[in-house]
Each structure stands twice: as C-alpha cells, then as structure tokens.
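Topology and contacts: notes
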Amino acid sequence: MKVSVATPPVAPDEPVIELRELTKSFPGNPVLRGVSLEVAKGESFALIGGSGTGKSVILKCILGLIPWDGGIVRVNGNKPSLSSIAGGARIGMLFQGGALFDSMTVFQNVAFQLVRGPGRVSAAEAREIAARKLERVGLEAKIMDLYPSELSGGMQKRAGLARAIATDPDILFFDEPTTGLDPIRAAGINRLISGIVGESGTTGFTITHDMSSVRTFASKVALLHSGQIVWNGAASELDTSDNSSLRQFVEGSARGPLT
Amino acid sequence: MKGSTELARHQLSEPVFWLAFPAVVGRLAIRICVGIGSIVLFAIDALGHVVRPPFHLRELWQAILNIGFYSLPIVGLTALFAGAALALQIQAGSARLSSETAVPVIVAIGMVRELGPVLCGLIVAGRVASSIGAEIATMKVTDQIDALRTLSTHPTKFLVVPRIIAATVVMPVLAGVGDIIGILGGFLVSTGRLGYNPDLYVDFTVRFLETSDVVSGLVKAAVFGFIISVIGCYFGANSGQGAKGVGRATTNSVAAASVLIIAANYAMTELFFRS
Ligand SMILES: Nc1ncnc2c1ncn2[C@@H]1O[C@H](COP(=O)(O)OP(=O)(O)O)[C@@H](O)[C@H]1O
Ligand SMILES: [Mg+2]
C-alpha cells in the first residue's frame, strides 16, 4: 500500500516546468502573448531576451507571485499561486540584486529556511550547513556574522546563491545572475551556477541577456521577443541556427528583426 | 478647425474652472474612502494571521525593542515638558477661579486621559510608522518580500503580525510611563515654582485620579499602537517603485497615522465621555 504524498511523483518524461499559451498584460501593455515552453528534469534552461521583454514576468508567473491572464502554468504538474509558490515544489531563487534581508546577518540569511518550518535543524547544525554552502559559493565562513551591507555586490550575490541552495532544492531560479557584475566576477558566478545546476539532478531556470552565461551553463535556450518565444533549441544549436532573431541577439547587432 | 477648438476652449474655460473645484474635492473624498477601505481590508487580513501559526517570536521580540524600548527616551522627555507646561497653564487659569486643587487634579487627569496617550501616539507615529513604512517599502523594491515567499515564509506573518502585536502591546506601557513622567513634570513645576506643598500635591493627585481615567488612557494608547503599525505596514506594502516609492511610503505613513490617531482619539473620548 502506498501512502499519498503532497506532491505526486513526476513521471520521468513529464516536464518539471510547463507553460502553455501563457498570456499576461498590464494596463495598456500586453507583455506576454502566448508563451509556451517546457523544461525537463535536470536541464539547465536559459530564457534570453532584451530588457523589458517580460522575462521577469514569466518567472513571477512560474513562481506564482503574480496572477496571469490566460494559458497554463505547471510546476511538477501543479499550478503555482501565492499560497503555493512554484506549485509547492522545493525551489531556490537567486534574485537580481541578491535580495538578502538587510536586517539579518549573512548566517541568518543563509540559514533562513534551515531554522524554520517543518524540516528545521538545530542552530549548530544550521551553522555547519551555512558554512558549507558559503564555501560552496566561494565565500569564507568567517563572513557569516557580517551584515549584507558590509559585503560587496558580488559577495552579496554569492551569499544570495548560498541561501538559495541551503536546503538543496530541486529547482533553482536565477534572475539575471550576472547583471551588475564585472566580467571576471560574472564568469565566477556563471561557473558556480554551471556546477550547482549539474549536481544531483537539480533543474535550473535562468533568465538573462548575457550570452556568456548562456554559453557557460545552459543546455536549452529560448529567445523571448514581443511576448512570444521566437526561437528555442539546444545550446549547441546557438551558432548553427539560421533563425534571424537568434542571430541578431547572439551577435548583438542593432539591426534586425528584434527592435 | 483650429479656430473652432480655440472657441471651444474659450467657452469651456470658465465653467470648467468652477466645476473643477467640486470635482477635485469629490475625487479626493472618493480616494480617501477607497484608501480607508483598503486599509481596513489589510488590517482584517493581518488580524486573521495573528491567530494562525507559525508565530515568529524572534521578530516579535525585535519589534517590541524597536517600537517600545527605543521610544522610551523621546516619550519620557516629551511627557516631562508637557506635564510641566500643563501645570503652568492650569495655574494661570485656576488663579482666576481661586481653586487650590485644580493644578494637581487637572494635570493628572489631563495627562492620563488625554496628553499621555495622544502625545505618545504622535511621537511613536513619527518615529515608528515612518520606519515601518520605509523598511517594508525598501524590502518590497529590493525583492526581499518575494524572497520571503520563495523561502516558504508568509510576508504578512513575518513582517506585519509581529509589528502589530508589538505596537498594540507596547503603546499602553509607553503611555503609562509617559503619564507618570508627565505628572512628575507637573509636580516639579508646581512644587518648585508655584509653591505647592509636595505632600498635598501627591495626595490630591492620588485621591482624585480614578481607575477608569487610567484605563481609558491605556485603551486609547493600545488603539493608537494598532493604527500606527497597520498604517506603516500598509503604506510600506503598497509602495511604488524605487527610492521615490520608499520616500512616499515613509511620509504617507506618518501623515495618515497622525491624522487617524487624532480622529480616533476624538471618537474614543466621545465614547468614554458618555459612559
Ligand atoms: N508590476 C508591474 N506593473 C506594471 N507593469 C509591469 C509590472 N511588472 C512588469 N511590468 C512591465 O512588463 C514589462 C516586462 O518587464 P520585465 O519582465 O521586468 O522585463 P525583463 O525582460 O527585463 O525582465 C515591462 O514593460 C514592465 O514595465
Ligand atoms: Mg528582469
């Protein structure tokens, strides 16, 4: 006899994230006009597109932070909403600015979920895990008792990443992980994401306009333009595809179908 | 074509101006009603979370320190000088009525029933409604509220509930301390400057002050604490984008909390006055 669990086990071929004909408008601004995409388990998916094309809006719909107008959004087969973030999936998210809680120390940030909720651990254990996660993202454990304002932008982002991976989530979301970083620190973050998403079947969903991120860690890519996916395929096809929109984005030219 | 629009504008300008005034007043009235309505809904939602777990005790303790403990010096100083000034004013008035007991009795009743809670409310509104508004608005514009949700934590439970409980519980304590210090201010001025006998002054203060005076003042303070925290959280949570949104949330919190405190004070005074 099987005991029923909160989230039904996902069939191996069922996508972890699935959008079908997703539409979303803000007053006088139709941002998404039918976005469909699928992310399989263990994949490192990158959603690329220009600034203001609605990448963050898609992410917020997948998490369930904002309601959408039409279409289907499923995470592990469940509908995300404010009361069921990402449909109840075990997720971690790295926000663009890090979004560390500035009234708390780095330790309290990283251990936020470790010391709360049903699966909480002791303070000593939380410190140990936090130190390990900080080390994993290339930060020394001795910064644990500093406040976020005492860290540089790059360190804040790494601390935010440590917080996102603290509970070993099944899906990791990254919102513009390299924006605001110099190329060397950006490359460091890209390498980290590449390593972490590959570990133990974690699925990655990244939104970015940074092609170096895409080339470092993406396995699948979709290009968003005018509220629709205008190209999607494997990362290996980025340079061989003759899709004119993709060519323009990859080559970064001002002239072309993307305006 | 151009001529006709110019003509239309000329004909319209006079009545449009006189119609614009009531229109602006009407629009303002509607906006205030909508605002109060959504604040009430916000408060009801928050109260629903007060009674349901999980409870964030660490945040509650932090809020009690921020709202209560750190407000003590400024509340104490204000009450001291308010009580002292009150004693002088009552002396000036009661000299005309030649009433010996007026100063101690009216200082005590005035502080405990009115000045203690109202001054305390306005000061805490300036200090705390603004900081709650700014803090939550900043968290909103820097994605920290969304981050809370992705960490399986309800922002209302984590941010709003502790502040509402802390402010509502701590304000009567602050007002009580303010009452005592204010009465002390009146005592110091009366015995030092106006020649009152200290023993008689204390005797009159204690004899004429009733429990209902104290209780009504403390109830007022609790209501003010609730108003301050709800308003601060509401404007913070509904702030606009960027630094401008944070700034507006801050000023709006203080202005709205102050007006509501004065209005609620009048309403409650009417209520207690009748009973
Ligand atoms: N809460 C909101 N209210 C109104 N408009 C919004 C809101 N969030 C995003 N938008 C609009 O949606 C569009 C896409 O925004 P966004 O998803 O942030 O772009 P990006 O692709 O750079 O992440 C923008 O035009 C933005 O103005
Ligand atoms: Mg964005």
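The structure under discussion appears in the preceding block.
Read on for a plain summary of the structure. In this text, all values refer to a predicted model and were calculated from it rather than measured experimentally. (Residues numbered from 1 in each chain as written. Chains lettered and ligands numbered in written order. Predicted model: local features only at pLDDT ≥ 70, side-chain atom pairs only at ≥ 80, totals over all residues. Heavy atoms only, no water.)

1. Examining the packing of aromatic side chains
Applicable threshold: Aromatic contacts are taken between Phe, Tyr and Trp rings whose centres are within 6.5 Å, Trp giving its six-membered ring; a plane angle under 30 degrees counts as stacked, one over 60 as edge-to-face, and the others as tilted. Summary of the burial criterion: residues with accessible area below 20% of their type's maximum are buried, those above 50% are exposed, and those between are partly exposed, where the area comes from a 1.4 Å probe applied to protein chains only. Put simply, a charge is over a ring when the Lys NZ or the Arg CZ is close to the ring centre, within 6 Å, and near the line of the ring normal, within 35 degrees.
For the structure shown, the criterion picks out ten aromatic pairs over all chains. Between B:Y234 and B:F235, the aromatic rings sit 5.3 Å apart at their centres with planes inclined by 85°, giving edge-to-face as the arrangement. As far as burial versus exposure is concerned, B:Y234 and B:F235 are alike and both buried. Joined through ring pairs, the aromatic side chains of A:F45, A:F173 and A:F205 make up one cluster. The positively charged end of A:R116 is found above the aromatic ring belonging to A:F112, 4.0 Å away from the centroid.

2. Focus on the pairing of strand β3 (residues 44-49) of chain A
Residue and element names in this part refer to chain A. Selection criterion: Numbering of helices and strands starts at the N terminus; helices are DSSP runs of H or I of at least 4 residues and strands are runs of E of at least 2. By the convention used here, strands pair only if DSSP detects at least 2 bridges between them.
When you tally the buried positions in β3, you get six out of six residues, the bulk of the element. Bridge analysis of β3 against strand β7 (residues 203-208) gives five bridges, and the strand direction is parallel. Note on β7: the bridge partner recorded for I48 is T208. Here five bridges tie β3 to strand β8 (residues 220-225), and the two strands are oriented parallel to one another.

3. Topic: the packing of helix α8 (residues 211-237) of chain B against helix α9 (residues 242-274) of chain B
Residues and elements named next belong to chain B. Threshold: Geometry is summarised by axes, namely lines fitted to C-alpha atoms with helices restricted to the contacting stretch, and by angles between N-to-C directions that run from 0 to 180 degrees. Angle categories are assigned with fixed cut-offs, so that under 35 degrees is roughly parallel, over 145 is roughly antiparallel, 65 to 115 is roughly perpendicular, and the rest are oblique. Crossing handedness follows the turn of the near helix against the far one: under a right angle anticlockwise gives a left-handed crossing, and clockwise gives a right-handed one. By definition, residues are in contact when any of their heavy atoms lie within 4.5 Å. Gly is placed with the polar residues, together with every amino acid not listed as nonpolar (Ala, Val, Leu, Ile, Met, Phe, Trp, Tyr, Cys and Pro) or charged (Asp, Glu, Lys and Arg).
At a closest axis distance of 9 Å, the pairing of α8 and α9 adopts a crossing angle of 155°. As summarised for this structure, α8 and α9 are arranged roughly antiparallel, according to the angle between their axes. Every pair of crossing elements has a handedness; the one defined by α8 and α9 is right-handed. Contact residues: S216, V219, K220, V223, F224, I227, I228, I231, G232, F235 and G236 in α8; A249, N252, S253, A256, A257, L260, I261, A264, N265, M268, T269 and F272 in α9. Considering only residue class, the contact of α8 with α9 consists of 15 nonpolar, seven polar and one charged.

4. Observations regarding the site of ligand 1
Residue and element names in this part refer to chain A. Put simply, the rule is: Each residue is tested against the molecule or strand, and it is near if at least one of its non-hydrogen atoms lies within 4 Å. In the analysis that follows, any N or O atom pair within 3.5 Å is treated as a polar contact, provided that within protein one partner can donate a hydrogen and the other can accept it, and provided that, for residues neighboring in sequence, both atoms belong to side chains.
In the vicinity of ligand 1, the contacting residues are F26, N29, V31, G50, S51, G52, T53, G54, K55, S56 and V57. N29 has a polar side-chain atom sitting 3.2 Å from an oxygen atom of ligand 1. Measuring from an oxygen atom of ligand 1, one finds a side-chain N or O atom of S56 at 2.8 Å. If you list the elements that add at least two residues to the shell around ligand 1, you get β2 (29-39) and α1 (55-63).

5. Observations regarding α1(A)
Residues and elements named next belong to chain A. In terms of burial, α1 is a largely internal element, seven of the nine residues being buried. Along α1, the positions that sit buried rather than exposed are K55, V57, I58, L59, C61, I62 and L63. Backbone geometry just after α1 places G64 at a positive phi near 90°.

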